[in-house]
Amino acid sequence: MTSSSPKAILFIGASTGVGLSTLRRSLAAGHTCIALARKPERLTENLGSAPSNLRIVQGDGKSLADLKRCLTHPSQPKTLVDFVCSTVGSTWNMKKMTIDDPTLCGDAMKTLMRAVAELRGEGYSGNPHVVGVSSTGLSTLGRDVPLLQAAFYYTLLKGPHEDKRVMENELFNSTVRWTVVRCSLLTDGGESTKRIRAGMEDPNAGKVESRELGYTISREDSGKWIFENLVQGDGTWVNKVATITY
Ligand SMILES: NC(=O)c1ccc[n+]([C@@H]2O[C@H](COP(=O)([O-])OP(=O)(O)OC[C@H]3O[C@@H](n4cnc5c(N)ncnc54)[C@H](OP(=O)(O)O)[C@@H]3O)[C@@H](O)[C@H]2O)c1
């Protein structure tokens, strides 16, 4: 069962990749979308159009003031948006062999939670469903990457994964409805007809509901899965971790 009633959705980090794919589909489905972007022109260029149901706000995902500006429902007074999709990610730096901003994801999620708390303190109602996009290799309930990929994930990606863990823990301990989406290795390319498998964990109950191991998934198909199962979803994935892969 899916819910297609129009939502107000905040996107953080949708200029490219998984976020852009989710945003494009949400706009086509008629949802009201707000996109917080450091460089709005980059988003507009990648989107290729300027739909009337999109408001782009220039700002930073780590700025409390910028997030508070974007979290308010555009047509319902004193109400928070219905849904937030955060796909912020830092660029890989070949010289440093790690990411440019090693605390980006954790900092952005902490700030988002603070913005929600402050707005609630100011009398705003609503309980947004917040989606944080993360990575496989982070499960504390067993190996969630194929054996051949494990060494690479548990060594080279240790730094970026620590940041993702901070982000995930913010959501696990939050007062909002949340879903963490752990994508396997992300690839480029258009939408495919490949079957997307999704494993489910309930970290707060310490339980693996189902395990799906795989090597890759594209950014485009990850956005498709998030749109179909979370934006249009029936609540099955609320307060769960989804591991998505081909
Ligand atoms: N690479 C992998 O194989 C892999 C696997 C699993 C998960 N992930 C993670 O999945 C997420 C999505 O990946 P992706 O490849 O789709 O990401 P991406 O294309 O690199 O997009 C990241 C987005 O974050 C935005 N951003 C960066 N810093 C920001 C800030 N301070 N404020 C606001 N926006 C900011 C970027 O916008 P601008 O730079 O245009 O401002 C961009 O739109 C990332 O967190 C990534 O680390 C990656």
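Please read all numbers here as calculations on a predicted model, not as lab measurements.

Definitions and cut-offs
- Residues numbered from 1 in each chain as written.
- Predicted model: local features only at pLDDT ≥ 70, side-chain atom pairs only at ≥ 80, totals over all residues.
- Heavy atoms only, no water.
- Pairing = 2+ DSSP bridges.
- Helix = DSSP H or I, 4+ residues; strand = E, 2+ residues; numbered from the N terminus.
- Axes fitted to C-alpha atoms, helices over the stretch in contact; angles between N-to-C directions.
- Parallel < 35°, antiparallel > 145°, perpendicular 65-115°, else oblique.
- Left-handed = near helix turned anticlockwise from the far one by under 90°.
- Contact = heavy atoms within 4.5 Å.
- Nonpolar A, V, L, I, M, F, W, Y, C, P; charged D, E, K, R; others polar.
- Phe/Tyr/Trp six-rings, centres within 6.5 Å; stacked < 30°, edge-to-face > 60°.
- Buried < 20%, exposed > 50% of the residue type's maximum accessible area, 1.4 Å probe, protein only.
- Near = heavy atom within 4 Å.
- Polar contact = N/O pair within 3.5 Å; in protein donor to acceptor, adjacent residues only side chain to side chain.
- 1 Å grid on protein atoms, 1.4 Å probe; cavity = no way out; pocket = protein on both sides within 12 Å on 5 of 7 lines; lining within 4 Å.
- Sits in = over half its atoms within 2 Å of the grid points.
- Disulfide = S-S within 2.5 Å.
- Points joined across faces, edges and corners; volume = space filled by probe spheres on them.
- Salt bridge = Lys/Arg side-chain N within 4 Å of Asp/Glu carboxyl O.

> Which parts of the structure should I look at to understand the sheet that holds strand β8 (residues 177-183)?
Paired through their backbone hydrogen bonds, the strands of a sheet run either parallel or antiparallel. Ordered by their spatial adjacency, 9 strands build an open sheet running β3-β2-β1-β4-β7-β8-β13-β10-β11, and the pairing between neighbours is mixed. Two strands close off the open sheet at either side, each with one partner strand: β3 (54-58) and β11 (207-210). Looking at each pair of strands side by side, their axes are set apart by 20° on average, direction ignored. Bridge count for β8 against strand β13 (residues 240-245) is 5 bridges, and the pairing is parallel. The residue of β13 that forms the bridge with Arg182 is Thr243.

> Honestly, the packing of helix α1 (residues 17-28) against helix α2 (residues 40-47) in this entry has me stumped. Any pointers?
When two helices pack together, their arrangement is given by the angle between their axes and by how far apart the axes lie. Closest axis-to-axis distance for the α1/α2 pair is 11 Å, and the angle between their directions is 65°. Classified by the angle between their axes, α1 and α2 sit roughly perpendicular to one another. α2 is crossed by α1, and the crossing has right-handed handedness. Of α2, the residues touching α1 (which contributes Leu20, Leu23, Arg24 and Leu27) are Leu43, Asn46 and Leu47. Here the residues of the contact of α1 with α2 sort into 5 nonpolar, 1 polar and 1 charged.

> Would you mind showing me how to read the packing of aromatic side chains here?
Remark: the centre distance and the inter-plane angle together describe each pair of aromatic rings, the angle taken between the planes. Applying the stated criterion across every chain yields a total of 3 aromatic pairs. Taking 5.5 Å as the distance between ring centres and 80° as the angle between the ring planes, the aromatic pair formed by Phe152 and Tyr153 counts as edge-to-face. A residue is classified by how much of its surface remains accessible, and Phe152, at 36% relative accessible area, is partly exposed. On the numbers, 5.2 Å between centres and 75° between planes, the contact of Trp225 with Trp237 is edge-to-face. Placement of the pair is Trp225 in helix α7 (residues 219-231) and Trp237 in the loop between α7 and β13, with a sequence separation of 12 residues. Accessibility assignment for this pair places Trp225 and Trp237 in one class, buried.

> Sorry, what's going on with the site of the ligand here?
The full set close to the ligand counts 23 residues, and Thr16, Arg38, Arg42, Val88 and Arg219 are the nearest of them. At 2.6 Å, a side-chain N or O of Arg219 approaches an oxygen atom of the ligand. With respect to the pocket detection grid, the ligand is positioned in the largest pocket. For the shell around the ligand, the secondary structure elements donating two or more residues are α1, β7 (129-135) and β9 (185-187). Looking at the shell around the ligand element by element, the count peaks at 3 residues for β7. Residue composition of the shell around the ligand, by class: 8 nonpolar, 10 polar and 5 charged.

> Looking at this structure, I do not really get the environment of Ser134. What am I missing?
Among the structural elements, Ser134 can be located in strand β7. Judged by its relative accessible area of 5%, Ser134 falls in the buried class. Along the backbone, Ser134 and Val180 are 46 residues apart, and their C-alpha atoms lie at a distance of 6.6 Å. In contact with Ser134, not counting residues within four places along its chain, are Lys164, Met167, Glu168, Val180, Val181, Arg182 and Cys183.

> So what exactly am I meant to see when it comes to the state of the cysteines here?
Chemically, a disulfide is nothing more than a covalent bond linking the sulfur atoms of two cysteines. A complete count under the given rule lists 0 disulfides for this structure. The thiol sulfur of Cys33 is not disulfide-bonded, and the nearest other cysteine sulfur, from Cys85, lies at 9.9 Å. This cysteine, Cys183, is not joined by any disulfide, and Cys85 carries the nearest cysteine sulfur, 9.8 Å off.

> Is there a simple way to think about the environment of Thr243 in this case?
Its place among the elements puts Thr243 in strand β13. By relative accessible area, which is 4% here, Thr243 ends up buried. Residues Thr243 and Val180, spaced 63 residues apart in sequence, show a C-alpha to C-alpha distance of 8.5 Å.

> Help me understand the layout of surface pockets, please; the structure alone is not making it clear to me.
Rolled over the atoms, a probe as big as a water molecule pinpoints where empty space is left. Of the voids in this model, the largest pocket is the one considered here, and its volume is about 1,400 Å³. When contributions to the lining of the largest pocket are tallied by element, the ones reaching two or more residues are α1, β2 (32-37), α4 (104-121), β7, α5 (147-155), α6 (158-172) and β9.

> Even after reading the chapter, I still don't get the pattern of salt bridges, so can you show me in this structure?
Opposite charge on two side chains allows them to pair when their charged atoms are near. The tally for this structure, following the rule as stated, stands at 17 salt bridges. As a salt-bridge pair, Arg24 and Glu220 come within 3.4 Å of each other at their nearest N and O atoms. Of this pair, Arg24 sits in helix α1 while Glu220 sits in helix α7; the two residues are 196 residues apart in sequence, bridging distant segments of the chain. By relative accessible area, which is 35% here, Arg24 ends up partly exposed. Residue Glu220 is classed as buried on the basis of its relative accessible area of 17%. A salt bridge links Arg114 to Glu118, with the nearest nitrogen and oxygen atoms 3.3 Å apart. Residue Arg114 and its partner Glu118 are both found in helix α4; the two are separated by 4 residues, about one turn of the helix. Given the relative accessible area of 27%, Glu118 is considered partly exposed. Each of Arg24, Arg25, Glu191, Glu220 and Lys224 takes part in one network of salt bridges that share partners.

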